[in-house]
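Each chain is listed here by its residues.
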Amino acid sequence: MEHASGFVLPNSGHNRDAEASKMGMWLFLFTELLLFGGLFIVYMVYRMINHEAFLLSSFELDVTMGTINTVVLLVSSMTIAMSITAIQKGNIKLSVNLLYATLAAAIIFMVIKYFEWSSKIHHGLFPGMDYYESLPKGEGLFFYLYFFMTGLHALHIIIGAVIIGVVIYRTKKGLVTSEKYTLTENAGLYWHLVDLIWIYLFPLFYLIH
Amino acid sequence: MATVSTDLNYLQGKKGLFSWIFSVDHKRIGLLYLYALITFFLVGVTLGILMRLELLNPGKDLLEAQTYNQIFTLHGVIMIFLFIIPSIPAVFGNFFLPIMLGTDDVSFPRLNLLSWWIYIIGAIMALSTLIFGDGPADTGWTFYAPYSVKTGTNVTMSVLAAFVLGFSSILTGLNFIVTIHRLRTPGMTFLKMPLFAWALYATSWIQLLATPIIGITLMMIVAERFFGVGLFDPSIGGDPILYQHLFWIYSHPAVYIMALPAFGIISELLPTFARRTIFGYKAIAFSSLAIAFVGYFIWGHHMFTSGMSGTGRFIFSILTFLVAIPTAIKVFNWVATLYKGSIHVHTPLLYALAFIFQFMIGGFTGLLLGALATDIHLHDTYFVVGHFHYVMFGGTGFAFFGALHYWFPKIWGKMYNAKVANTAFTLLFIGFNTLYFPMLIAGLMGMPRRYYDYLPEFHLPNMISTFGSWILAVGLILMLGNLIYAYFKSKEKPGRNPWGGITLEWQTQSPPPVQNFDRMPELPKNGPYDFEHKPTIKE
């Protein structure tokens, strides 16, 4: 902003500052990690107390579906990274298409998640249902944490998908260009984090025996 | 950004409510916080005075036991989450950090406005428990499980409010870190920043790295209340100690979110009124980071009596004592700053000196609680209540008032009546110590906290304490009245630099123009408090 006397401050919070935006996103990602960090502590403590029950319950989960979802998310991380490279090189059409691919992966992930959850709920494993209440305490805790943690993660997938939708919209409107692509980069950072958290959730619930 | 006519200051220009509540100007947002904070503070004070009235005499006088429990919980929630955690960063940090760095706003002005809105939504949620649902929570501000999971009061809403307020805190911290990294004026290196900026920097990191833990923990409380899965409730297999750990992993560092900005304020006030450079600039700057760092690892000292291994207690106790070192470094440096200074006694300096005195009492009593043997005796007594009020109110609260008197002429371009301000300060100082010192004694005698009644042998300290609360209330009314009167009626124009300070905010007009500076701010040669080579400030 300019002063009436023609004086301009060298640094302004109203200037576009790509470095600042990225730094802000990284700081935000720290907070996301810690949010899940609290849950990981709870998981660890109860896994140590209820070792047998957690082991038993983990066999109930569908490893195939979990694996497919892991692959889907890994691929989506790749497509959004490619989308950033595409926009850097000025190929807007490719960038948008790759973002669509990422969005599609998010939807596939959610659909698979839906089937996983509904089969669990069908078996009465959701907290509050009759069968759930009859489970031994440790197994109940396992499913509770399973729904809480994958649920929170799924919420992040939805938020990520909305963000990607915004990036697509703004790229199409020409607001994201090869000179000005911080938005795509930040969306990518966020999406990688969502992916990364799943990389931890998957073995914790499905694989550890 | 469009060019704005800049011969107007930030208070002029656009008028009307919407130009304020949707303003992205950091100065207006700072004031929005100020008005909201003072309102909530007064609600909290009223609740506190009610509690003191009930405790004037043994037995039930005024409040039912259940009402008393709800009032002390709401008092805690309001004072901690609505007043003291946001207090100095949200008001003075927002207003002065960009000016002290020589820039025109924070890095993310719109995010800054969003933080305020989130804060207001959280505040409305917290206060709504007064009217809606089954009454305010009666758990204490710590929401300890299993009681918080079982009580019939409106814990869910209080907990959700704390969660939402946490978001506001995180976003403010994030904004400040990026601002400090990106927007310092050319020539201002990290080690030439004012110490207030250093204090905010350390605080912001704690806000960022500690707050998410409480967020997720409170979410677990809400889920536990809905589904009753036995996460924290021992009767169905949960672990209440785990809740306490998770709670204090945030809430102990949060103590430093409350205290560190106050240290920053004191480090600003003393050099200005002693007219000399701060003693041990680097020591003060780095001790803030040290406190932030060590403060992250000592949460266990809140739980010495609730079940922890001997080794665990031993380690947490040693780490707790470690925090005393960087804190003492600060106090020694502040006192040394006054030595051979040219001390000008004005109201803000009085608050700073009271801060040092009261904060030292708060600090030393803290060591008694951090020591294992004495803590067994003192845990959950009035000694704890006295201790943290000495740190929070006698420390941060007084620093907040000091900052308000220090920057009042800069913020509004008006001047308050110094005599009345000094009288109000004297009343506050006497009232404060009369109110809280007897609590330390009652605690040593063994009076437990959080009861609406007590045994007759605790009558005397409680009576004195309640008298103190009245003196304090008179002092508060006088102080605020004096400032409000000055805001509306003052004809005195303080000019750019009423106190002879040399940090950048004193080089601009009072009140500052919309983009903070009307000419290029000039940095002193050797750091922010270099009074030997101070820039000449023309009106």
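Above: the structure in question.
Residues numbered from 1 in each chain as written. Chains lettered and ligands numbered in written order. Predicted model: local features only at pLDDT ≥ 70, side-chain atom pairs only at ≥ 80, totals over all residues. Heavy atoms only, no water.

### Quick notes on a nonpolar patch on the surface
All names here are of chain A. We count it as follows: Like charges are joined within 9 Å and nonpolar side chains (Val, Leu, Ile, Met, Phe, Trp, Tyr) within 5 Å, but only among residues with over 30% relative accessible area and no salt bridge; these make up the patches. Reported accessibility uses the Shrake-Rupley method at a 1.4 Å probe radius. Residues are deemed covered only where the shown protein chains occlude them. We define a salt bridge as a contact between a side-chain nitrogen of Lys or Arg and a carboxyl oxygen of Asp or Glu at a distance within 4 Å. Note on conventions: DSSP H or I runs of at least 4 residues are helices, E runs of at least 2 residues are strands, and numbering of each starts at the N terminus.
On the surface, a cluster of nonpolar side chains totalling about 660 Å² of accessible area is made up of Trp26, Phe30, Leu33, Leu74, Leu196, Ile199 and Tyr200. At the level of elements, helix H1 (18-49) and helix H7 (182-207) are the ones that each hand at least two residues to the nonpolar patch. Checked against the element boundaries, phenylalanine 30 lands in helix H1.

### Considering the nonpolar core
Under the convention used in this document: Residues grouped as a nonpolar core are buried Ala, Val, Leu, Ile, Met, Phe, Trp, Tyr and Cys residues, joined through side-chain atoms within 4.5 Å. To sort residues, take the accessible area from a 1.4 Å probe on protein chains only and compare it with the maximum for the residue type: under 20% means buried, over 50% means exposed, and anything in between is partly exposed.
Ranked by size, the top nonpolar core spans 235 residues in total, and within it Phe205 of chain A together with Phe92, Tyr119, Phe232, Trp334 and Trp407 of chain B carry the most contacts. Among the nonpolar cores identified, the runner-up in size contains 6 residues, and Ile118, Met125, Ala126 and Leu171 of chain B belong to it.

### Things to note about unusual backbone geometry
All names here are of chain B. Looking along the chain, the bond that leaves alanine 145 and enters proline 146 is cis, with omega of 0 degrees. In this fold, proline 146 is placed in the loop between helix H5 (109-128) and helix H6 (147-150). Proline 511 follows serine 510 through a cis peptide bond whose omega is -10 degrees. Phi angles above zero are rare outside glycine, and phenylalanine 143 is one such case at about 50 degrees. Relative to the assigned elements, phenylalanine 143 resides in the loop between H5 and H6. Classification of phenylalanine 143 as buried rests on a relative accessible area of 0%. Positive phi is not limited to glycine here, since arginine 275 has a value of about 50 degrees. Tracing the chain through its elements places arginine 275 in the loop between helix H9 (240-274) and helix H10 (281-294). Arginine 275 gets classed as partly exposed once you look at its relative accessible area, which sits at 24%.

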